[in-house]
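# Structural overview for review
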Number of protein chains: 2
Amino acid sequence: MVTHGEAGRARRLDPDIRREEILRCAVRLFGERPYAEVSTAEIAEAAGVTRGLIHHYFGTKRGIYLDVVRAMVLVPNLDEASGPADSVRERVEQSVGWFLDTVALHGGTYVAVTGPEGIAGDPEVERILAVADDIAARKILRAVGYGWDSTEHSPERAVLRAYCQLVKGTVREWLRSRSVTREQAYLLLTEALVAIVEDVLPAVSRYASPAGRELPRGH
Amino acid sequence: MVTHGEAGRARRLDPDIRREEILRCAVRLFGERPYAEVSTAEIAEAAGVTRGLIHHYFGTKRGIYLDVVRAMVLVPNLDEASGPADSVRERVEQSVGWFLDTVALHGGTYVAVTGPEGIAGDPEVERILAVADDIAARKILRAVGYGWDSTEHSPERAVLRAYCQLVKGTVREWLRSRSVTREQAYLLLTEALVAIVEDVLPAVSRYASPAGRELPRGH
DNA sequence: ACCCGCTATTGACACAGTGTCAACAGCCGG
DNA sequence: CCGGCTGTTGACACTGTGTCAATAGCGGGT
């Protein structure tokens, strides 16, 4: 069952290489099975090293999982998608199409990590996912023409972060349950985003910032 | 730190009562902290019993957590919301408004359980959440007039399940981050659902079932 | 080519938390 | 008052994580 046939002592490698190799195995395992059911011993065996080395490089099991999540969630880069497009709808369609193609590459692990089944139940994991959503939200805002200065706490960004949840849910229905086709997923995400951009964002921007109302004085 | 001042042996109670009491404590603890950081010993202490009793009633830690998730996720009952409404938009607005009010009651724990931070990484947990989403999806479909026979695998239901993710994400932005107001959340969920009902569902229904296309011959 | 130091890698240890189970003891009927 | 039923306990075994001094592979100096 050992991926690497190496039975004896592991070759002495450059730390970066070794770390990379271990991470690759961890990504695969955490994609196949939920967090609790993957032991550090298993990761070590898959990587052809001993358990001690895992902790040497990543500290704790949570530590290596955080790196796995980071690796999965920071891969997509929406910037590449922005081609020449005039209407909001065209830009939306380009972004959504590009995202679906990208996420299809990493398939299972992306779904497992972003969904509820892979998570360790750690605030740090939540933070990483939240940061990734916020980055995505900012990029989407820029892609659809709402590129002005929006703070992280602005309702515009918040709306787009919520939209990211719709995206994840849709990808799950597409890749895991296979209850919608890629075309149907594309349709759903496109129409929803168009509705958000055209109907929700303008109205939301007219409201005062909720933080500004509930916490009037700085502090 | 013991919630119940009872130091000595716990009173002999009716199993249903005891079970209920333990579950109440577990709901609170799992709402405050992520799964991994809550030990069975802690739940036992909070409930004023010993750890052995927890396992006696719920089998495993996972077992009690599953019951917590079930309790949280099956509370909302969308049927009550359907009042006299003519247009699709009115029905959508009623449903969304009712849901937001309901979920506000359970606040923290609902968000913790449905989001990625409370989960244990168990397929069973995923299944419970999926079932809850599917129930909600079916109810929404019925509420907005798509009440005909839709199988669990139908793209219509899948689209609504994905919408449930948007709902959760929005509730999180509202209750946890406080980056949107209830009105903004209401607006987002309403517009998105209207777009789904009016634009996405009709188009999705025209497509052939994805399972039918990708798995032409049964198995 | 040899040795030597650096450090990647190991194996054994300690510990926390879960799950099991026979024994105990509170409540109820006779 | 006593005997059983069963809710409840405490001790045990086990799995898996995290720590650390000891080991051994590789490169550089001579």
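Cut-off values and rules
Residues numbered from 1 in each chain as written. Chains lettered and ligands numbered in written order. Predicted model: local features only at pLDDT ≥ 70, side-chain atom pairs only at ≥ 80, totals over all residues. Heavy atoms only, no water. Core = buried A, V, L, I, M, F, W, Y, C linked by side-chain atoms within 4.5 Å. Buried < 20%, exposed > 50% of the residue type's maximum accessible area, 1.4 Å probe, protein only. Helix = DSSP H or I, 4+ residues; strand = E, 2+ residues; numbered from the N terminus. pLDDT = per-residue confidence, 0-100. Contact = heavy atoms within 4.5 Å. Near = heavy atom within 4 Å. Polar contact = N/O pair within 3.5 Å; in protein donor to acceptor, adjacent residues only side chain to side chain. Axes fitted to C-alpha atoms, helices over the stretch in contact; angles between N-to-C directions. Parallel < 35°, antiparallel > 145°, perpendicular 65-115°, else oblique. Nonpolar A, V, L, I, M, F, W, Y, C, P; charged D, E, K, R; others polar. Phe/Tyr/Trp six-rings, centres within 6.5 Å; stacked < 30°, edge-to-face > 60°. Left-handed = near helix turned anticlockwise from the far one by under 90°.

Generally speaking, soluble globular proteins have nonpolar side chains that are buried together. Core analysis: the biggest nonpolar cluster contains 71 residues, and Leu160 and Tyr163 of chain A together with Leu160 and Tyr163 of chain B have the highest contact counts within it. Contributions of two or more residues to this core are made by helix 5 (88–114), helix 6 (123–143), helix 7 (155–175) and helix 8 (182–206) of chain A together with helix 5 (88–114), helix 6 (123–143), helix 7 (155–175) and helix 8 (182–206) of chain B. Leu23, Ala44, Val68 and Ile128 of chain A belong to the second largest nonpolar core, which has 28 residues in total.

Residue and element names in this part refer to chain A. Scored by pLDDT, chain A has a mean of 81; 79% of the residues are at 70 or more. Per-residue pLDDT stays below 50 along residues 1–5; that stretch engages in 7 contacts with residues further than four places along the chain or on separate chains. Within the model, pLDDT remains below 50 along residues 212–219, and this stretch shows 3 contacts once partners closer than five positions in the same chain are excluded.

Residues in close proximity to DNA strand C total 22 residues, the closest being Arg12 and Arg18 of chain A together with Arg12, Arg51 and Lys61 of chain B. Between a phosphate oxygen of DNA strand C and a side-chain N or O atom of Arg18 of chain A, the distance comes to 2.8 Å. Interatomic distance of 2.9 Å between a side-chain N/O atom of Thr40 of chain B and a phosphate oxygen of DNA strand C. For the surface near DNA strand C, the secondary-structure elements that each account for two or more residues are helix 1 (15–32) and helix 3 (51–58) of chain A together with helix 3 (51–58) of chain B. Looking at which element gives the most residues to the surface near DNA strand C, the answer is helix 3 of chain A, with 4 residues.

Further remarks concern the environment of Phe30 of chain B. Its place among the elements puts Phe30 of chain B in helix 1 (residues 15–32). Between the C-alpha atoms of Phe30 of chain B and Ser179 of chain B, which are 149 residues apart in sequence, the distance is 24 Å.

Take the packing of helix 4 (residues 61–73) of chain A against helix 6 of chain A next. All names here are of chain A. Two numbers describe how helix 4 lies on helix 6: the axes approach to 10 Å, and their chain directions differ by 10°. The angle between the axes of helix 4 and helix 6 places the two elements in the roughly parallel class. On the side of helix 4, the interface is formed by Tyr65, Leu66, Val69, Arg70 and Val73, while helix 6 contributes Glu124, Val125, Ile128, Leu129 and Ala132. Across the contact of helix 4 with helix 6, the residue classes tally to 8 nonpolar, no polar and 2 charged.

Below, the discussion takes up the packing of aromatic side chains. In total, this model carries 6 aromatic pairs over all chains according to the counting rule given. Residues Phe30 of chain A and Tyr65 of chain A carry aromatic rings whose centres are separated by 4.8 Å and whose planes lie at 80° to one another, so their mutual orientation is edge-to-face. Here Phe30 of chain A is found in helix 1, whereas its partner Tyr65 of chain A is found in helix 4, with 35 residues between them in sequence. There is no split in this pair, since Phe30 of chain A and Tyr65 of chain A are both buried. Ring geometry for Phe30 of chain B and Tyr35 of chain B: centres 5.8 Å apart, planes at 10°, overall stacked. On the accessibility criterion, Phe30 of chain B (2% relative accessible area) is buried. Put simply, the rings of Phe30, Tyr35 and Tyr65 of chain A pair up and form one aromatic cluster.

Arg12, Arg51 and Lys61 of chain A together with Arg12 and Arg18 of chain B are the nearest of the 22 residues found near DNA strand D. When atoms of DNA strand D within 4 Å of the protein are sorted by moiety, sugar and phosphate together comprise 60%. Interatomic distance of 2.9 Å between a side-chain N/O atom of Thr40 of chain A and a phosphate oxygen of DNA strand D. Contacts to DNA strand D include Lys61 of chain A, whose backbone N or O atom sits 2.7 Å from a phosphate oxygen. Mapped by element, the contributors of at least two residues to the surface near DNA strand D are helix 3 of chain A together with helix 1 and helix 3 of chain B. Looking at the surface near DNA strand D residue by residue, the class counts come to 6 nonpolar, 7 polar and 9 charged.

Before going further, it helps to spend a moment on the packing of helix 1 of chain A against helix 2 (residues 40–47) of chain A. All names here are of chain A. Contact pair helix 1 / helix 2: the axes reach a minimum separation of 9 Å and the direction vectors enclose 120°. As judged from the angle between their axes, helix 1 and helix 2 are oblique. Judged by the twist between their axes, the crossing of helix 1 over helix 2 is right-handed. The residues of helix 2 that touch helix 1, namely those facing Arg18, Ile22, Cys25, Ala26, Arg28, Leu29 and Phe30, are Glu42, Ile43, Ala46 and Ala47.

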